[in-house]
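Here is how the chains run, residue by residue.
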Amino acid sequence: MKLLVTGAAGFIGMHCAKRLLERGDEVLGIDNLSPYYSVELKKARLKRLEHDRFRFVQMDLVDAESLIKTFEREKPGAVLHLAAQPGVRHSLKNPASYVQSNLVGFANLLEGCRRSPPRHLVFASSSSVYGNNPKLPWSESDSVDLPISLYAATKKSNELMAHVYSHLYGISTTGLRYFTAYGPWGRPDMSPVLFAHAIMEGRPIEVFNHGDMQRDFTYIDDIVEGTLRVLDQPAPYAIYNIGNHRPVQLLDYIAALERVLGKKAKIEMKPMQPGDVKATCADTQALARAVGFAPSTPLEQGLAKFAAWFKSYYGYA
């Protein structure tokens, strides 16, 4: 099958595209190679996708005309939409980029799907839609009406927009609320890479809310497995959590990083950041019922693989 993968040079996008190629699919990758973080890293990810069944087009989804032409020319059998302006904290500094990429870009993608309907559109939502919901674990049936960052608001908006197109035009759409993805080739603005650099260079790690935080860290191979299983099972409209269902205390996570890197961290306690949440935890029962899978990679096992890649790629080996 021919698949369109947006955000193909991104962390989750590259890993999903690679797995699709390995199983025999044809992949058209789209990415705007945004300079939000290292374009060099994005190009290195794309090098891993070189294959006779992979084509790459540098394109911004905000360019509606080019995107619609691509849909009409390629007629993809399925669409995996992972392109977005990511990051909770950055959305406080540059809100316009989130409106363009995550709202205008997604609206253009939906229009492409309306004109050349795929059998399934799967798109990235986020655990951030749950806001400060104190009830853990977070379930898809929980209210997500009170986001606390613009990033989260754009992801909630994507879920609503997708429902409209599913209802009006019969497009099968599924949103995936990802919980703190980590692993090899991860984003340099996320804590594993930030913390690992600091540990290796002897710089202090900024630990927010004085360490009183928990995250449901989800290993990239589990993210990919869950995503592709969902992609292969079209539904009229669905939302699923993809998380490890095992929240880890921030200081325990740092200790695990210290062990896999073989070096102690210097810690600098900081207050809570605006837009951040204290704890995340995914209820994955709906995902398990739908596709017979839920993430389960233990943190230390995943971090060991991350550390091996990190040392090699950044030259700490």
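Here we summarise the structure given alongside this text. If you're wondering where the values come from, they're calculated on a predicted model, not measured in any experiment. (Residues numbered from 1 in each chain as written. Predicted model: local features only at pLDDT ≥ 70, side-chain atom pairs only at ≥ 80, totals over all residues. Heavy atoms only, no water.)

### Regarding the packing of helix α7 (residues 191-201) against helix α9 (residues 250-261)
Part 1: α9 packs onto α7 with a crossing angle of 55 degrees between their chain directions and a minimal axis gap of 11 Å. Relative to α9, the element α7 lies oblique. Helix-helix and strand crossings are classified by hand; for α7 and α9 the assignment is right-handed. Counting all contacts with α7, which are made through Ser191, Pro192, Phe195, Ala196, Ile199 and Met200, the residues of α9 involved are Leu250, Tyr253, Ile254, Leu257, Glu258 and Leu261.
Part 2: When grouped by side-chain class, the residues that make up the contact of α7 with α9 number 10 nonpolar, 1 polar and 1 charged. (Axes fitted to C-alpha atoms, helices over the stretch in contact; angles between N-to-C directions. Helix = DSSP H or I, 4+ residues; strand = E, 2+ residues; numbered from the N terminus. Parallel < 35°, antiparallel > 145°, perpendicular 65-115°, else oblique. Left-handed = near helix turned anticlockwise from the far one by under 90°. Contact = heavy atoms within 4.5 Å. Nonpolar A, V, L, I, M, F, W, Y, C, P; charged D, E, K, R; others polar.)

### Some points on the packing of aromatic side chains
Part 1: Scanning the model with the defined rule gives 20 aromatic pairs in all.
Part 2: Through pairs of rings, three or more aromatic residues link up here, namely Trp185, Phe306, Trp309, Phe310, Tyr313, Tyr314 and Tyr316.
Part 3: Positioned over the ring face of Tyr37 is Lys42, at 4.4 Å from the centre of the ring. (Phe/Tyr/Trp six-rings, centres within 6.5 Å; stacked < 30°, edge-to-face > 60°. Lys NZ or Arg CZ within 6 Å of the ring centre and 35° of its normal.)

### Here's the deal with the pairing of strand β2 (residues 26-31)
Part 1: When you tally the buried positions in β2, you get 5 out of 6 residues, the bulk of the element.
Part 2: Pairing geometry for strand β1 (residues 2-6) and β2, over 5 bridges, is parallel. Opposite Val5, over in β2, you have Gly29 as the bridge partner.
Part 3: Sheet topology note: the β2/strand β3 (residues 54-58) ladder contains 5 bridges and is parallel. Opposite Ile30, over in β3, you have Val57 as the bridge partner.
Part 4: Since β2 and β3 lie parallel, the crossover through helix α2 (residues 39-47) that links them has a hand, and here it is right-handed. (Buried < 20%, exposed > 50% of the residue type's maximum accessible area, 1.4 Å probe, protein only. Pairing = 2+ DSSP bridges. Right-handed = clockwise from strand over helix to strand, strands pointing away.)

### Remarks on the pairing of strand β8 (residues 204-207)
Part 1: Along β8, the buried face is formed by Ile205 and Val207; none of Pro204 and Glu206, which line the opposite face, is buried.
Part 2: For β8 and strand β13 (residues 266-269), the ladder comprises 4 bridges, and the chain directions are parallel. Bridge pairing in β13 links Val207 to Met269.

### Quick notes on the environment of Tyr98
Part 1: Residue placement: Tyr98 occurs in helix α5 (residues 95-115).
Part 2: The class of Tyr98 is buried, set by a relative accessible area of 0%.
Part 3: In the structure, Tyr98 is positioned 116 residues away from Gln214 in sequence and 26 Å away in space, judged by C-alpha atoms.

### Topic: the sheet that holds strand β5 (residues 120-126)
Part 1: Here we have 7 strands laid out as an open sheet, ordered β3-β2-β1-β4-β5-β6-β11, and parallel in their pairing. Edge positions in the sheet fall to β3 and β11 (237-242), since each of these pairs with one other strand and no more. Strand-to-strand twist across the sheet, computed as the mean angle between neighbouring axes with direction ignored, equals 20 degrees.

### Notes on the pattern of salt bridges
Part 1: Applying the stated rule across the entire model yields 25 salt bridges.
Part 2: Arg55 is paired through a salt bridge with Glu26; the nearest N and O atoms lie 3.4 Å apart. Separated by 29 residues along the polypeptide, Arg55 in strand β3 and Glu26 in strand β2 bring together distant segments of the chain.
Part 3: Since its relative accessible area comes to 35%, Arg55 is described here as partly exposed.
Part 4: Since its relative accessible area comes to 29%, Glu26 is described here as partly exposed.
Part 5: The closest approach of N and O atoms between Glu50 and Lys47, which form a salt bridge, is 3.5 Å.
Part 6: Residues participating in the shared-partner salt-bridge network are Lys2, Glu26, Arg55, Arg73 and Glu74. (Salt bridge = Lys/Arg side-chain N within 4 Å of Asp/Glu carboxyl O.)

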